[in-house]
Amino acid sequence: RVGLCVLCGLPAAGKSTLARALCRRLPHRQGWACGLLTYDELIPPEAFSSHETGAEPFSLLPRWKQSRRELLQCLERFLRVLLTGVPPTAPAPQPAWERFLACCRGQGLLCEADSQAGAGRCPTLADTPRPLYLILDDNFYYRSMRYEVYQLARKYSLSFCQLFLECPLECCLQRNRQRSHPLPDQTISLMARKIEMPDHKKNAWEQNSLILQSPDCASGDNEQIISLLATALDNPVKQTEEDTEQKEEDRAICAASTVHQADQMCRRIISQTMKDAKDKNVLPREMKSLAEELSELKAELLEDLRQGNNLNHPVCIQNRCFDPATSVISVFQQEATKVVNKYVLK
């Protein structure tokens, strides 16, 4: 049996302290194997750099988002190998896969014989009879981020639960400032405004969730936490066909995440396009018209996404296929270039 436990909350809320405590206590108290996947350690620091150099023409996702996607792919690859014993046919995202395996080996989750697993060998658990809990330690401040993990649990009939650490913003800011590599205050404040707490009343898939006050759970011996983990482990997510309501909820979450992603990238393209137009001496009165045309173009493309048009069908360009958001961004980039050329090439 395998369980995925998502830890979420603001930076410096106490997630890592709780995660380490759980990994120490659960094997002794419950007899479970336990692995900790800390996103800050598995995603390279350069992914958060403000300068995104060396990107391919169609690699339009920010590097930290691309790294999160690769990490999720590694997690699925790992689960698939452990559950089926069959090596995946698709190539692993290197070097993310190497970091992932090194993390698992460092915690004794893999057999010593699997030290070359990154080169194509099939990794196996060091102690397969015991249930395994994988604890994912990250902010997971958007519900859509957590939903991606839930989808993995549903796909492979795994257990799934969430622990949300609630901590006052000022407390998080103070703790963060004491760290060796603190985040900017504004980053945490912005996240506090955007963070989405679990809501099992609105979302059935969030039923196995706990909202905890940060100071009350640092030991990892909280009876509520143990009970939640045990209940989730005994009730893995079923692969049964979802009813119409669940399908609509899934589509809405997917659409909201995709539209938000596309909107952010389109805004960046508009900003850069306006700057380029100004540098090319486009007249001020024409700059206003240019901005209006670009905004209308963005609105039309996002509305298509919002309505579900082509949401589930990737676009292929020069024998390369891209997800809907990236495809929309590519189309917007091309159309924006045509619009600005009308003003520049007069």
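Below is a short write-up of the structure. (Residues numbered from 1 in each chain as written. Predicted model: local features only at pLDDT ≥ 70, side-chain atom pairs only at ≥ 80, totals over all residues. Heavy atoms only, no water.)

Here's the deal with the sheet that holds strand β1 (residues 2-9)
At step 1: The strand order β2-β3-β1-β4-β5 describes an open sheet built from five strands, whose pairing is parallel. Here the strands that pair on one side only, and so sit at the sheet edges, are β2 (33-38) and β5 (209-213). In this sheet, neighbouring strand axes are inclined to one another by 20° on average, regardless of whether the strands run parallel or antiparallel.
At step 2: For β1 and strand β3 (residues 132-137), the ladder comprises six bridges, and the chain directions are parallel. By the bridge assignment for β3, Leu-4 is matched with Leu-134.
At step 3: Relative to β3, helix α3 (residues 63-84) is tilted by about 180°, and along the sheet it contacts β1, β2 and β3. (Pairing = 2+ DSSP bridges. Helix = DSSP H or I, 4+ residues; strand = E, 2+ residues; numbered from the N terminus. Axes fitted to C-alpha atoms, helices over the stretch in contact; angles between N-to-C directions. Contact = heavy atoms within 4.5 Å.)

Some points on the side chain of Lys-298
At step 1: As for its position among the elements, Lys-298 is in helix α10 (residues 284-306).
At step 2: Lys-298 has contacts with Asp-263, Cys-266, Arg-267, Ile-270 and Phe-332, leaving out every residue within four places of it along the chain.

Quick word on helix α6 (residues 169-177)
At step 1: All buried positions along α6 are accounted for by Cys-172, Leu-173 and Asn-176. One side of α6 holds all its buried residues, which, seen down the axis, span an arc of 100°.
At step 2: Looking at the buried residues of α6, the elements they touch are α7 (185-194). (Buried < 20%, exposed > 50% of the residue type's maximum accessible area, 1.4 Å probe, protein only. Arc of directions from axis to C-beta.)

Things to note about the pattern of salt bridges
At step 1: According to the stated counting rule, one finds 12 salt bridges in the structure shown.
At step 2: Measuring nitrogen to oxygen at the nearest pair gives 3.0 Å for the salt bridge that ties Arg-143 to Glu-206. Remark: Glu-206 occurs in the loop between α7 and β5 and Arg-143 occurs in helix α5 (residues 143-155); sequence separation between them is 63 residues. Just as Arg-143 is buried, Glu-206 falls in that class too.
At step 3: What emerges from the salt-bridge pattern is a single network uniting Arg-143, Arg-146 and Glu-206. (Salt bridge = Lys/Arg side-chain N within 4 Å of Asp/Glu carboxyl O.)

Notes on the environment of Ser-327
At step 1: Topologically, Ser-327 is positioned in helix α11 (residues 324-344).
At step 2: Sequence spacing of Ser-327 and Ala-262 is 65 residues, and the spatial spacing of their C-alpha atoms is 9.1 Å.

Things to note about the state of the cysteines
Where two cysteines share a covalent bond between their sulfur atoms, that bond is called a disulfide.
At step 1: Going through the model one piece at a time under the given rule, you end up with zero disulfides.
At step 2: Cys-167 takes part in no disulfide bond, and the closest cysteine sulfur, belonging to Cys-171, lies 3.6 Å away.
At step 3: Free cysteine: Cys-172, not disulfide-bonded; nearest cysteine sulfur from Cys-167 at 3.7 Å. (Disulfide = S-S within 2.5 Å.)

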